[in-house]
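Chain by chain, the residues run as shown.
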Amino acid sequence: MNILIYETYEKMSQAAAAIIAAQVLAKPDSILGLATGSTPFGTYTGLVKLYKEGILDFKRVKTFNLDEYVGIDKSDDQSYHFFMMENLFSKININARNINIPNGLANDLEKECAAYEKKIDAAGGIDLQLLGIGNNGHIGFNEPDVHFPAATHIVELSESTIEANARFFPDSGKVPRSAITMGTGAIMKSRRILLLASGGQKADVVKELVYGEVRPQLPASILRFHNDVTIIIDSEAGAGLHGKVI
Ligand code: PGA
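This report concerns the structure included in the present document. Just so you know, the residues in each chain are numbered from 1, in the order the chain's sequence is written. Local features in this predicted model are restricted to residues whose pLDDT is 70 or higher, and side-chain atom pairs enter the listing and the counts only when it is 80 or higher, whereas totals over whole chains, interfaces and linings include all residues. The side-chain figures draw on all heavy atoms in the structure; neither hydrogens nor water molecules are used.

**Focus: the overall build of the protein chain**
Then comes step 1: To qualify as a helix, a DSSP run of H or I must reach at least 4 residues; to qualify as a strand, a run of E must reach at least 2; elements of each kind are numbered from the N terminus. Within the protein chain, the regular secondary structure consists of seven helices and ten strands.
Then comes step 2: The quantity called the radius of gyration is restricted to C-alpha atoms. Its globule counterpart is 2.2 Å times the number of residues to the power 0.38. Relative to a compact globule of 246 residues, whose C-alpha radius of gyration would be 18 Å, the protein chain shows 17 Å and is just as compact.
Then comes step 3: Taken over the C-alpha atoms alone, the protein chain extends approximately 50 × 45 × 35 Å along its principal axes.
Then comes step 4: Only protein chains enter the calculation, and the probe is 1.4 Å; a residue is then buried if its accessible area is under 20% of its type maximum, exposed if over 50%, and partly exposed in between. The buried share of the protein chain, reckoned over its 246 residues, is 55%.
Then comes step 5: The long-range share in the protein chain, meaning contacts at least 24 apart out of those at least 6 apart in sequence, stands at 80%.
Then comes step 6: Methods summary: accessible areas were calculated by the Shrake-Rupley approach with a probe of 1.4 Å, and residue burial reflects only the protein chains presented. Counting only carbon and sulfur atoms, one obtains 52% of the accessible surface of the protein chain, whose full area is about 11100 Å².
Then comes step 7: In this tally Asp and Glu are treated as negative and Lys and Arg as positive; neither His nor the chain ends contributes. Each charge is placed at NZ for Lys, CZ for Arg, CG for Asp and CD for Glu. Looking at charge distribution, the protein chain has the averaged site of its 24 positive side-chain charges lying 8 Å from that of its 29 negative ones. Here a residue-residue contact requires only that any non-hydrogen atoms of the pair lie within 4.5 Å.

Structure (structure tokens):
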């Protein structure tokens, strides 16, 4: 694992945007796996800036988002679809046909999961997967479990995830109880992985990810078996690590 600890959220976001930018510059038809949540916000701002400055071109880039709530329309401002349009896709020259986000309103959700996974494979697999990490160690919505769920699947969100995500909703009762998520198998098949974490509330989970045992109760720990993972964190999230702050 390559671990980069930056003093501030702004710097870590710039570093993450630089890594994604380098991927797109080296391979203009890159397949990017994208994440939502508050952490990648600065990374997307950085990518938009590079696009606006004429440095990046997203015309041939394809994207697959990690997850989406079940039962929320894509026009709903809490949907991950809305988040991605608002913070990235509407601000860059990506082709709408190249954007993929699971459909949480599909009539047959099981079929949607299988089709999503097939589509990733048919596109050639993900070149670079961006990830956040939940306070409980989830990646995407792969929640702590007794096994690592490999396939794209429907997941019942854990109480701690519902609680963590309640900050985006008028009250916790409005947080959807289930979601579609890319499984750990699809994530692990990505050629490169970039995981971000920011803030002191992530310090314990980051420490466990780096030094703890690989176990399904901490889904992110499976990344220790991947051969190309970069972790970019700010100094607060890295408080439990021995590495030097850049
Ligand atoms: P956050 O979420 O970026 O809002 O902290 C990360 C996650 O739950 O994966």
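**Considerations on the layout of surface pockets**
Then comes step 1: As defined here, a cavity is a set of points on a 1 Å grid over the protein atoms alone where a 1.4 Å probe fits but cannot get out. A pocket is an open set with protein on both sides within 12 Å along at least five of seven lines, and residues line them when an atom is within 4 Å of a point. Grid points are joined across faces, edges and corners, and a volume is the space filled by probe spheres set on the points. In this structure, the largest pocket encloses a volume near 660 Å³.
Then comes step 2: For the largest pocket, the lining is made up of 37 residues, of which Thr36, Gly37, Ser38, Asn165 and Arg167 are closest to its centre.
Then comes step 3: Breaking the lining of the largest pocket down by element, the ones donating at least two residues are β4 (67-69), α3 (80-87) and α5 (159-165).
Then comes step 4: In terms of residues, the lining of the largest pocket owes the most to one element, α3, which gives five residues.
Then comes step 5: Lining the second largest pocket are 16 residues, with Lys74, His81, Ile101, Pro102 and Asn103 sitting closest to its centre.
Then comes step 6: Looking at the lining of the second largest pocket, the elements that each hand over two or more residues are α3 and β5 (99-100).
Then comes step 7: For the lining of the second largest pocket, the per-class residue count stands at nine nonpolar, four polar and three charged. Gly is put with the polar residues, along with every residue not named as nonpolar or charged; the nonpolar set is Ala, Val, Leu, Ile, Met, Phe, Trp, Tyr, Cys and Pro, and the charged set is Asp, Glu, Lys and Arg.

**Quick word on the pattern of salt bridges**
Then comes step 1: By definition here, a salt bridge exists when the distance from a side-chain nitrogen of Lys or Arg to a carboxyl oxygen of Asp or Glu is within 4 Å. This model, assessed by the stated rule, comprises ten salt bridges.
Then comes step 2: The residue Lys27 makes a salt bridge to Asp127 at a minimum N-O spacing of 2.7 Å. Taken together, the residues Lys27 in the loop between α1 (9-26) and β2 (31-34) and Asp127 in the loop between α4 (109-123) and β6 (128-131) connect sequence positions 100 residues apart.
Then comes step 3: Taking relative accessible area as the criterion, Asp127 reaches 6% and is therefore assigned buried.
Then comes step 4: For Lys59, the salt bridge is made with Asp57, and the minimal N-O distance between the two is 3.3 Å.

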